[in-house]
Amino acid sequence: MPPPAPVPAPPAQPAGSAAQGPAPDSAIAPPPRRPTVNLAQRPWLEIDHDRYPLIGALTVIGRDALADVILDDPGISRRHSEIRVTNDGPHLVTSIRDLGSTNGTFVNGERITSTRLTSGDRLTVGRTTIVFHAGKR
């Protein structure tokens with residue numbers, strides 16, 4: 001039985017030339033653009049005169065490095081509370097839920113397990129006071 005025929009090597013590139021990309025008719029389309037978020041319309045938290053926009057549907061407040069809003073307060077649990085932003089037709093609805101924290105979550109002085117937020121509400125977690133702003137929508 002004769003040995004298999006050798007496979008020819010690909011043609012060599014001339015020195016100093018780069019490999020060519022795909023032909024224009026087979027160009028890869030860019031990924032679809034994500035919708036931009038208008039921060040003026042989104043709700044936000046005010047903590048020590050700093051603004052924390054609530055961009056995602058769920059924002060976790062706590063001491064843990066994986067929390068979305070990290071607060072350096074020994075009275076706050078690693079995952080203390082979560083803020084949820086949902087759509088109700090054209091309106092954004094924001095609620096807060098305590099995640100079983102040791103010291104609790106308070107809205108306007110009342111300890112809560114879960115409640116809906118309105119603009120101007122004062123949230124207290126540990127010794128930290130947070131003011132909720134609904135944004136413009």
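No experiment lies behind these values; they were computed from the predicted model shown.

**Student:** Just checking my understanding: could you explain the overall build of the protein chain for this structure?
**Tutor:** The number of helices and strands found in the protein chain is zero helices and eleven strands. Secondary structure of the protein chain in N-to-C order comes out as β-β-β-β-β-β-β-β-β-β-β. Long-range contacts, defined here as pairs at least 24 residues apart, represent 36% of the contacts in the protein chain between residues at least 6 apart. Accessible surface, the protein chain as shown: approximately 10,000 Å² in total, 54% of it carbon and sulfur.

**Student:** Help me understand the sheet that holds strand β5 (residues 81–88), please; the structure alone is not making it clear to me.
**Tutor:** The strands that make up a sheet pair up through hydrogen bonds in the backbone, lying either parallel or antiparallel. With mixed pairing, the five strands of this open sheet are ordered in space as β4-β3-β5-β6-β9. Each edge of the sheet is formed by a strand with only one pairing partner; in this case those strands are β4 (69–70) and β9 (114–116). The sheet contact formed by strand β3 (residues 58–62) and β5 spans four bridges and is antiparallel. Paired with Thr 59 across the strands is Ile 83, a residue of β5.

**Student:** Would you mind going over the packing of aromatic side chains with me for this structure?
**Tutor:** What characterises a pair of aromatic rings is the spacing of the ring centres plus the angle enclosed by the ring planes. Evaluated as defined, the whole model comprises zero aromatic pairs. We note Arg 51 situated over the ring of Trp 44; from NZ or CZ to the ring centre the distance is 3.8 Å.

**Student:** Just checking my understanding: could you explain the pairing of strand β1 (residues 44–47) for this structure?
**Tutor:** Two faces make up the sheet, and in a regular strand the side chains alternate between them. Note that β1 and strand β2 (residues 50–53) share four bridges and pair antiparallel. Paired with Glu 46 across the bridge in β2 is Arg 51. If you look at the hairpin formed by β1 and β2, you'll find two residues sitting between the two strands, and Asp 48 has a positive phi there, around 50°. In the sheet, β1 pairs with strand β11 (residues 128–133) via three bridges, with the strands oriented antiparallel. Of the residues in β11, the one forming a bridge with Glu 46 is Val 131.

**Student:** Looking at this structure, I do not really get the sheet that holds β2. What am I missing?
**Tutor:** An order of β2-β1-β11-β10-β7-β8 is seen for the six strands of this open sheet, with the pairing classed as antiparallel. Of all strands in the sheet, those bounded by a partner on one side alone are β2 and β8 (110–112). With direction set aside, neighbouring strand axes in the sheet form an average angle of 30°. Of the pairings in the sheet, the one linking strand β7 (residues 105–107) to strand β10 (residues 122–125) comprises three bridges and is antiparallel in character. By the bridge assignment for β10, Phe 106 is matched with Thr 124.

Rules used in this analysis
- Residues numbered from 1 in each chain as written.
- Predicted model: local features only at pLDDT ≥ 70, side-chain atom pairs only at ≥ 80, totals over all residues.
- Heavy atoms only, no water.
- Helix = DSSP H or I, 4+ residues; strand = E, 2+ residues; numbered from the N terminus.
- Contact = heavy atoms within 4.5 Å.
- Areas by Shrake-Rupley, 256 points an atom, 1.4 Å probe, with all protein chains shown as cover.
- Pairing = 2+ DSSP bridges.
- Phe/Tyr/Trp six-rings, centres within 6.5 Å; stacked < 30°, edge-to-face > 60°.
- Lys NZ or Arg CZ within 6 Å of the ring centre and 35° of its normal.
- Axes fitted to C-alpha atoms, helices over the stretch in contact; angles between N-to-C directions.

Function cannot be inferred from these measures alone, as they are strictly geometric.
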